[in-house]
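# Structural description and commentary
Chain by chain, the residues:
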Amino acid sequence: MTSMSRARVARRIAAGAAYGGGGIGLAGAAAAGLLLAEVQLARRRVGNGRSPHVPNADGRYGGTYAAPGEPPLRLTLLGDSTAAGQGVHRAGQTPGALLASGVAALAERPVVLRTVALPGACSDDLDRQVALVLADPDPVPDICVIMIGANDVTHRMPPTRSVRHLSSAVRRLRTAGAEVVVATCPDLGTIEPVQQPLRWLARRASRQLAAAQTIGAVAQGGRTVSLGDLLGPEFAANPRELFGPDNYHPSAEGYATAAMAVLPTVCAALGLWPAEEERPDASRREGFLPVARAAVEAASEGGTEVTAAMPAGPRGPWALLKRRRRRRVPEPEPSPVTPSK
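Residues numbered from 1 in each chain as written. Predicted model: local features only at pLDDT ≥ 70, side-chain atom pairs only at ≥ 80, totals over all residues. Heavy atoms only, no water.

### Some remarks on the overall build of the protein
Rules: Going along the chain from the N terminus, every DSSP run of H or I of four or more residues is numbered as a helix, and every run of E of two or more is numbered as a strand. For each residue, the accessible area found with a 1.4 Å probe, counting protein chains only, is set against the maximum for its type, and the residue is called buried under 20%, exposed over 50%, and partly exposed in between. Any two residues having at least one pair of non-hydrogen atoms within 4.5 Å are treated as being in contact.
A count of helices and strands for the protein gives twelve helices and nine strands. Expressed as a percentage of the 341 residues in the protein, the buried residues total 55%. Contacts spanning at least 24 positions in sequence make up 80% of the contacts within the protein whose residues lie at least 6 apart.

See below:
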């Protein structure tokens, strides 16, 4: 499938989500029965993708940066088991802790982390998670990071429905005053026990969903970062290192790799990234593209950011595609201090 064809599919899914269209098959109806059978077999090989313990990383990070009268930044993670940090044993290894520590170090300001992500969640659970965030008596988060999509593919949720729930979540959070960064659906074609043809179908489905998620989230004022390539060649080349003991969730090193990709976009959304790096760099193939083309390019390359750039024109809305340099995430503090209400 060409880049233009992939862009058309992503636009159709996003349009169906926005205007109430029905489900559009990601891998085609003829493959649905085969996909379901292979998924059941893969689940038996992988296990159920769950571990009994998800570390609680909520709390205050960067306490040494506290300044009198300056409130901490507030970071909230929403989504599925990847956002929650399932598969690792220590709070400091979760993406929330890694991101909170990184933001605190760059901002030189404390960061309060809250996680409402639920292991096993699909995008339709975002409605509940956003309600929890907005019902909190504390101030609205400065920034929310959403990691979602993998379970939508494995549970065969219609992509239009998936993108509709994500777009609604981004819109509600942006309306409340929070910046929003969405880490789009990872490449599920890299899960080690999964065999062909499911591996190819899973890769195609997850990348199509990631592109459509990008179009939907950017339309609502969010930014997106692709995890596809990070959970692609890097994870495929080092499955024992980058996947956890269940061969499904990332290991501590895998979460650190993903956090390094998301951190620059989080910092840019908060106005913490160097101004000179906000301009597109042609040497890194950055620039302005129709949002659907930018979404497709991002879905195939991990760590690629897409954000709204221009009003809609004859070819639709435009976006800025950036390949931000990854910076090492600072080591989290050993044990976060839970903030008082």
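### Examining the packing of helix 4 (residues 95-107) against helix 11 (residues 252-269)
Our working rule: The convention used is that axes are lines fitted to C-alpha atoms, helices contributing only their stretch in contact, and that angles between N-to-C directions extend from 0 to 180 degrees. Here roughly perpendicular refers to angles of 65 to 115 degrees, roughly parallel to angles under 35, roughly antiparallel to angles over 145, and oblique to all remaining angles. Crossings are assigned a handedness: left-handed for a near helix turned anticlockwise from the far helix by less than a right angle, right-handed for a clockwise turn. We call Asp, Glu, Lys and Arg charged. Ala, Val, Leu, Ile, Met, Phe, Trp, Tyr, Cys and Pro are nonpolar, and the rest, Gly among them, are polar.
Contact geometry of helix 4 with helix 11 gives a least axis separation of 9 Å together with a crossing angle of 40 degrees. When the axis of helix 4 is compared with that of helix 11, the two are oblique. Viewed along their axes, helix 4 and helix 11 form a crossing whose handedness is right-handed. Contacts between helix 4 and helix 11 involve Pro 95, Leu 98, Leu 99, Gly 102, Val 103 and Leu 106 from the former and Tyr 255, Ala 256, Ala 259, Val 262, Leu 263, Val 266 and Cys 267 from the latter. When its residues are assigned to classes, the contact of helix 4 with helix 11 shows twelve nonpolar, one polar and no charged.

### Remarks on the packing of helix 5 (residues 126-135) against helix 7 (residues 159-176)
Relative orientation of the contacting elements helix 5 and helix 7 amounts to 10 degrees, with a least axis distance of 9 Å. Viewed along their axes, helix 5 and helix 7 adopt a mutual orientation that is roughly parallel. Mapping the contact onto sequence places Leu 126, Asp 127, Val 130, Ala 131, Val 133 and Leu 134 in helix 5 and His 165, Leu 166, Ser 168, Ala 169, Arg 172, Leu 173 and Ala 176 in helix 7. For the contact of helix 5 with helix 7, the class distribution of residues is nine nonpolar, two polar and two charged.

### Points about helix 11
The criterion, for reference: Multiplying 1.5 Å by the helix residue count minus one yields the expected span of that helix.
Taking 1.5 Å as the rise per residue, helix 11 with 18 residues should run 26 Å; its terminal C-alpha atoms sit 25 Å apart, in good agreement. Taking burial as the measure, the 18 residues of helix 11 include 15 buried ones, the bulk of the element. After helix 11 finishes, the residue Gly 271 shows a positive phi value of roughly 75 degrees.

### Some points on the nonpolar core
Selection rule: Here, the term nonpolar core denotes a set of buried Ala, Val, Leu, Ile, Met, Phe, Trp, Tyr and Cys residues that are joined through side-chain atoms within 4.5 Å.
Of all hydrophobic cores here, the largest spans 37 residues; its most connected members are Leu 75, Leu 99, Val 145, Val 181 and Val 262. Secondary structure elements with two or more residues in this core: strand 2 (73-79), helix 3 (81-84), helix 4, strand 3 (111-115), strand 4 (143-147), strand 5 (179-183) and helix 11. Top contributing element to this core by residue count: helix 11, with ten residues. Apart from residues lying up to four places away in sequence, Val 181 is in contact with Ile 143, Cys 144, Val 145, Ile 146, Arg 223, Val 225, Val 262, Thr 265, Val 266 and Ala 269.

### Topic: empty space enclosed by the protein
Definition in use: We place a 1 Å grid over just the protein atoms. Points where a 1.4 Å probe fits but has no way out form a cavity, open points with protein on both sides within 12 Å along at least 5 of 7 lines form a pocket, and any residue with an atom within 4 Å of a point lines it. Grid points are joined across faces, edges and corners, and a volume is the space filled by probe spheres set on the points.
Applying the stated criterion across every chain yields a total of three cavities of 30 Å³ or more. Estimates place the volume of the second largest cavity at around 60 Å³. Every residue lining the second largest cavity is counted, ten residues in all, and those nearest its centre are Asp 80, Thr 82, Met 147, Pro 186 and Leu 227. Looking at side-chain class alone, the lining of the second largest cavity contains seven nonpolar, two polar and one charged residues.

### Comments concerning the pairing of strand 3
Let me state the cut-off plainly: Whether two strands pair comes down to DSSP finding at least two bridges between them.
Across three bridges, strand 1 (residues 59-61) lies against strand 3 in antiparallel orientation. From the neighbouring strand, Tyr 61 faces strand 3, where its bridge partner is Val 111. With five bridges connecting them, strand 2 and strand 3 associate as parallel partners. Across the sheet, Thr 76 pairs through a bridge with Arg 114, a residue of strand 3.

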